[in-house]
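# Coordinate inspection notes
This is what each chain is made of:
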Amino acid sequence: MPKLNLNRVEMPRQEPKKRGKNFQEVAMGYTPGMAKEEALRCIQCPKRPCMTGCPVMVDIPDFVKALSEGNLPEAVKALKRKNALPGICGRVCPQETQCEAVCTLAKKGAPVAIGRLERFVADWERTSKPETSPAPETPPAPPSGKKVAVVGSGPAGLTAAADLAKLGHAVTMFEALHVPGGVLMYGIPEFRLPKEIVRNEVDYVASLGVDIRLDSVVGKLATLDELLGDGFHAVFLGTGAGLPMFMNIPGENLNGIYSANEFLTRVNLMKAYLFPQYDTPVKIGKKVSVIGAGNVAMDSARCALRLGAEEVNIVYRRSREEMPARKEELENAEEEGIEFKLLTNPKRFIGNDKNWVTALECYQMELGEPDASGRRRPVVKPGSEFIMETDVVIVALGTTPNPLIAQTSKGLETTHHGTVVADEVTGRTKKPGVWAGGDIVTGAATVISAMGAGKRAAADIDKYLRS
Amino acid sequence: MYKILEREDLTSNVHAYRIEAPAVARKARPGQFVVIRVDENGERIPLTIADWDEQEGSVTVAVQEVGTTTHRLAELKTGDAIANFVGPLGLPTEIEHYGTVVCVAGGFAVAVVYPIARALRQAGNKVISILGARNKSLLFWEDELRSVSDELIVTTDDGSYGRKGLVTEPLKELISVDKKVDRVIAIGPSIMMKFCALTSKPFGVKTVVSLNPIMVDGTGMCGCCRVSVGGVTRFACVDGPDFDGHQVDWDLLLARQRTYIDEEKLSFEQWLQKHAAAVK
């Protein structure tokens, strides 16, 4: 047996000083040599634990092996067998808590960099096609004669649509916005997930025969019953968690206070960073405060920095340990100069006579006993209020599902959090003929978990349509 | 792309566009709105639906030239197309049999009030409409509004047509003298709606207004359009656009509408330069 190689190949990144001023991708990807070197570190262990760590069960050892042998067309085939969106997953999946966490080499502290390899393979396919792009492994199934409506074109919808189309069903995907991709387009910034990659993978899903209808708000244009009565045999709901949460503290409607959804939509979807070449504006603050410490908060902070803010602070009520963002994103943010105001929680927003925000009044917090989430509960330090000047605030405290469809549809059960009740495995809702998956069921989570839900629902819809 | 079946110039700077959108036409109700985008570089703006024709599959919107987007739209003619047209969004105006309803239309909002007045009349209400504009040249659809009203009062600020003065004057007379008004619907510039609401408030006559804050997606996703009504934050795009005018925090709405005043100016100046170059 060859000696274990525990030297994970690092991926080149743009220098922090430089990248903080542009919207180009931070991580630049492996060179072919780096990819091969990293792929060769995989010991092809018989248990294949990495696959069980992946919500869509990608045949990881197979694509890594093909890559290590320099057979890129084969690597693409193996990767796309389970995952229609590898260029996206290779960039935004939290591999460190999934496939890489259970890699046999993780015990030695150096798991195979599966995410970086996935990204390399997907990028190779995108940039080298059409000449060398491999034909799909399995030809599509013969038409089943069944029609399925997929509502929402984010990660869950795209995955369900791709799988259902491959199985021979006629799929129509409805998207409310003017571009497909959902959170991949409006939420995740260009420097973390270039929109060209998303467009490319959406094109792949369309190439499978999926009919994508933009500008189509289901719930307004048609209710679920109308879809089911209009020739669709099944409906999959993947409309995500699009409703922003606010803090409900005084001053929250001052000018200059954004939800992260609004800020990111303006910047990413509407390209406000190219204003006035593009018509949609966004306020470029001098001193920006981002409330919250998840991935969306990091994305918002780093966008604000790139727009030209002089100072960007993450304001978080717990300590560094409890920050929910990926470690990699925290480090990226910190390297770029984002500052963390920890154990700090806003009490109110202060504005001027023109209704513009000028400051936050904050409490200092300390950590008490663990709460229901297992994290130590932050409690206010009495008399600790202090003033933090700011001219733009971005509230990134999470999102809940948009109630638009549930409100207009009878028989769809929802929880008091607004999420749709669906079977954890199959995605079946309480309404016959309707499935749901992704953030609409779980509340805000990850791209890959939504994809996993889309995949499982597609399999169950197929079973239902054939029974 | 969504084809402009017909463009009609209602005044020198207000245009009606009948746009091909069969799916929207099937579902449109009075008081709802659409979000449009003129082209790939364009922003998303909300426009209240003025009329629709299910048979033809068309929806009509009226647009006043104000900033970059509306001027860009004004460059388009019959047969051209716009990039995006999404709707019908928001909740429809509540239409019931109330008794006597006064419909106040300020400026180009007559286009929006027209289908509401029509629906109210069909529901058995006595409809008294007040149509106001700064001067005669800004008036349009007077006959249309008259055709769906039991009575129509026209006002102009300068007295160039109809009664001289603001819409709030006849409104106050109708409410205070007749005392038979059961509901007021006031739609127009925010400042007009504010003063209509202030006029009716002492008399306790329910006054419905249609708010027009800045929006992005129009489906409840961004929270840009948040307004304060009765001390509670609401999203105009999904909770409205109609609200109880007596409960609205008007100063907040007016301030938030000015959020991008500098950027709007910059964008428009750039458009003017480009436009001048193109005309040459």
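Figured I'd write up the structure that's included with this text.

Conventions we followed
- All residue numbers here refer to positions counted from 1 along the written sequence of the relevant chain.
- In the order they appear in the text, chains get letters beginning with A and ligands get numbers beginning with 1.
- The predicted origin of the model limits local features to residues at a pLDDT of at least 70 and limits the giving and counting of side-chain atom pairs to 80 or more, whereas totals for whole chains, interfaces and linings rest on all residues.
- Values reported for side chains reflect all heavy atoms of the structure, with hydrogen atoms and water molecules removed beforehand.
- Helix numbering and strand numbering both begin at the N terminus, where a helix is a DSSP run of H or I of at least 4 residues and a strand a DSSP run of E of at least 2.
- Within these notes, the globule rule equals 2.2 Å times the number of residues to the 0.38 power, and the radius of gyration is based on C-alpha atoms.
- Should any heavy atoms of two residues lie within 4.5 Å, those residues are considered in contact.
- The Shrake-Rupley method, run with a 1.4 Å probe sphere, supplies the accessible areas, and residue values consider only the shown protein chains as cover.
- Note on classification: 1.4 Å probe, protein chains only; a residue is buried when its accessible area is under 20% of the maximum for its type, exposed when over 50%, partly exposed between these limits.
- The charge count includes Lys and Arg as positive and Asp and Glu as negative, but it does not include His or the ends of the chains.
- Think of each charge as sitting on NZ of Lys, CZ of Arg, CG of Asp or CD of Glu.
- Buried Ala, Val, Leu, Ile, Met, Phe, Trp, Tyr and Cys residues form a nonpolar core when they are joined through side-chain atoms within 4.5 Å.
- Note on aromatic contacts: the rings of Phe and Tyr and the six-membered ring of Trp form a pair at centre separations within 6.5 Å, being stacked when their planes are under 30 degrees apart, edge-to-face when over 60 apart, and tilted otherwise.
- Throughout this description, the term charge over a ring refers to an Arg CZ or Lys NZ atom that lies within 6 Å of the ring centre and within 35 degrees of the ring normal.
- Strand pairing requires that DSSP identify at least two bridges connecting the strands.
- Here an angle of 0 to 180 degrees is reported between the N-to-C directions of two axes, which are lines fitted to C-alpha atoms, with helices fitted over the stretch in contact.
- Two parts placed together each lose some accessible area under a 1.4 Å probe, and adding up what both lose gives the buried area.
- Salt-bridge detection follows one rule: a side-chain nitrogen of Lys or Arg within 4 Å of a carboxyl oxygen of Asp or Glu.
- In protein, a polar contact means a hydrogen-donor-capable atom and an acceptor-capable atom, both N or O and within 3.5 Å, with residues adjacent in sequence counting only if both atoms are side-chain atoms; elsewhere, any N or O pair within 3.5 Å suffices.
- In this scheme, a crossing is called left-handed if the near helix is turned counterclockwise away from the far one by less than a right angle; it is called right-handed if the turn is clockwise.
- As a working rule, the residues Ala, Val, Leu, Ile, Met, Phe, Trp, Tyr, Cys and Pro are called nonpolar, Asp, Glu, Lys and Arg charged, and the rest polar, with Gly in that last group.

## So, the overall build of chain A
Scanning chain A from N- to C-terminus turns up 17 helices and 16 strands. Its C-alpha radius of gyration of 23 Å places chain A within 12% of the 23 Å reference for a compact globule of 467 residues. Put simply, 69% of the contacts in chain A that link residues at least 6 apart link residues at least 24 apart. When the accessible area of chain A is evaluated, it comes to approximately 19,300 Å², of which 53% is carbon and sulfur surface.

## Focus on the overall build of chain B
Each helix and strand in chain B was counted, giving nine helices and 16 strands. Over its C-alpha atoms chain B spans a radius of gyration of 18 Å, differing by no more than 12% from the 19 Å that the globule rule assigns to 280 residues. Referenced to the eigenvectors of the C-alpha coordinate spread, the extents of chain B come out at roughly 55 × 40 × 40 Å. Counting every position in chain B, which comprises 280 residues, the buried fraction comes to 57%. Pairs at least 24 residues apart make up 65% of the contacts formed inside chain B by residues separated by at least 6 positions. Split by element, the accessible area of chain B, about 11,600 Å² in all, is 49% carbon and sulfur. Distance between charge centres in chain B, computed from 32 positive and 37 negative side chains, equals 2 Å.

## Section: the nonpolar core
One finds Ile-60, Phe-63, Leu-67, Ile-88, Leu-117 and Val-121 of chain A to be the most contacted residues of the largest nonpolar core, which totals 77 residues. The biggest single contributor to this core is helix H17 (residues 447-466) of chain A, with eight residues. Counting residues in hydrophobic clusters, the runner-up holds 50 residues, among them Val-357 and Leu-360 of chain A together with Val-184 and Ala-197 of chain B.

## Some remarks on unusual backbone geometry
The residue after Phe-275 of chain A, namely Pro-276 of chain A, is reached through a cis peptide bond having omega 5°. When you line up the elements, Pro-276 of chain A lands in the loop between helix H12 (260-269) and strand S7 (287-291). Note that the residue after Gly-87 of chain B, namely Pro-88 of chain B, is joined by a cis bond; omega there is -10°. When you line up the elements, Pro-88 of chain B lands in strand S7 (residues 84-89). Of note in the backbone geometry, Gln-44 of chain A takes a positive phi value of approximately 50° without being a glycine. By the secondary structure assignment, Gln-44 of chain A is in the loop between helix H2 (32-39) and helix H3 (49-52).

## As for the packing of aromatic side chains
Residues and elements named next belong to chain A. Counted under the stated rule, the structure contains 10 aromatic pairs over all chains. Relative to Tyr-464, the ring of Trp-435 lies with its centre 4.9 Å away and its plane at 65°, an arrangement referred to as edge-to-face. Taken together, the residues Trp-435 in strand S16 (residues 434-436) and Tyr-464 in helix H17 connect sequence positions 29 residues apart. By relative accessible area, Trp-435 is classed as buried at 1%. An aromatic cluster of three or more residues is present, and its members are Phe-23, Phe-191 and Tyr-273. Seen from the ring of Phe-191, Arg-306 lies directly overhead, with NZ or CZ sitting 3.8 Å from the centre.

## Overview of the sheet that holds strand S3 (residues 33-37) of chain B
All names here are of chain B. A sheet is described by the order of its strands in space; here seven strands give the open sequence S6-S1-S2-S5-S4-S3-S7, paired in antiparallel fashion. Each edge of the sheet is formed by a strand with only one pairing partner; in this case those strands are strand S6 (81-82) and S7. Strand direction decides the pairing type here: strand S4 (residues 45-53) and strand S5 (residues 58-64), joined by four bridges, are antiparallel. In the sheet register, Trp-52 faces S5, and the bridge partner there is Val-59. On top of the sheet, helix H3 (residues 110-122) reaches S4 and S5; it is set at about 45° to S4, its chief contact.

## Concerning the interface of chain B and chain A
Between chain B and chain A, the contact holds 47 residues from the first and 41 residues from the second. On the chain B side of the contact with chain A, Met-221, Arg-226 and Tyr-260 of chain B bury the most area, a combined 19% of that side's loss. For the pair chain B and chain A, the number of links is three salt bridges. For Glu-226 of chain A, the salt bridge goes to Lys-27 of chain B, with nearest N and O atoms at 2.6 Å. Between chain B and chain A we count 23 residue pairs in polar contact (both at pLDDT 80 or more) in total.

## Brief notes about the packing of helix H4 (residues 60-68) of chain A against helix H7 (residues 114-128) of chain A
Residue and element names in this part refer to chain A. Where H4 meets H7, the axes come as close as 11 Å, and the angle between the chain directions of the two elements is 65°. Handedness of the H4/H7 crossing: left-handed. Counting all contacts with H4, which are made through Ile-60, Phe-63, Val-64 and Leu-67, the residues of H7 involved are Ile-114, Leu-117, Glu-118, Phe-120 and Val-121. Class assignment of the residues belonging to the contact of H4 with H7 gives a composition of eight nonpolar, no polar and one charged.

## As for the sheet that holds strand S2 (residues 170-174) of chain A
All names here are of chain A. Read across the open sheet, the five strands follow the order S3-S2-S1-S4-S16; overall the sheet is parallel. A strand with exactly one partner marks an edge of an open sheet, and here the two such strands are strand S3 (211-213) and S16. Neighbour-to-neighbour, the strand axes of this sheet turn through a mean angle of 20°, independent of strand direction. The pairing of strand S4 (residues 234-237) with S16 spans three bridges and is classified as parallel. Bridging from a neighbouring strand, Phe-236 pairs with Trp-435 of S16. Sitting on the sheet, H17 touches strand S1 (147-151), S4 and S16, and the angle it makes with S4 is about 170°.

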